[in-house]
Amino acid sequence: GWLKRGPTGIIGTNITDAKETVLAIVEDVENEALPVNSSRDNSADISERLRANGCNFVDWNGYKKIEKEEIERGSRLNPP
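If you're wondering where the values come from, they're calculated on a predicted model, not measured in any experiment.

### A short note on the pattern of salt bridges
Alright, step 1. For the coordinates displayed, the defined rule picks out 2 salt bridges.
Alright, step 2. Notably, a salt bridge pairs Glu69 with Arg73, separated by 2.8 Å at the nearest N-O pair. In this pair, Glu69 and Arg73 both sit in helix α4 (residues 60–77), 4 residues apart, roughly one turn of the helix.

### Some remarks on a nonpolar patch on the surface
Alright, step 1. Together, Leu3, Ile25 and Val29 make up an exposed nonpolar region whose accessible area comes to about 270 Å².
Alright, step 2. You can see Leu3 is positioned in helix α1 (residues 2–5).
Alright, step 3. Judged by relative accessible area, which is 68%, Leu3 ranks as exposed.

Each value, and the rule that gives it
Residues numbered from 1 in each chain as written. Predicted model: local features only at pLDDT ≥ 70, side-chain atom pairs only at ≥ 80, totals over all residues. Heavy atoms only, no water. Salt bridge = Lys/Arg side-chain N within 4 Å of Asp/Glu carboxyl O. Helix = DSSP H or I, 4+ residues; strand = E, 2+ residues; numbered from the N terminus. Patch = residues over 30% accessible without salt bridge, like charges linked within 9 Å, V, L, I, M, F, W, Y side chains within 5 Å. Areas by Shrake-Rupley, 256 points an atom, 1.4 Å probe, with all protein chains shown as cover. Buried < 20%, exposed > 50% of the residue type's maximum accessible area, 1.4 Å probe, protein only.

See the structure below:
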């Protein structure tokens, strides 16, 4: 979601935008509008580039931890 609107809001308000962005990227890859080197996993390269440019980011494992915490806190506020 932040890719679309910048660093605002919480995961719940950004997840829809994030999904739309991912779908757009997948569509670009499928239409060969975005070059992809499928012979290797580039996630380490991307992480290194982000760090080198001073970008703070949350990887998938970090996202899952945040999501788990949000669900736990929410369940305490509004039990089923």
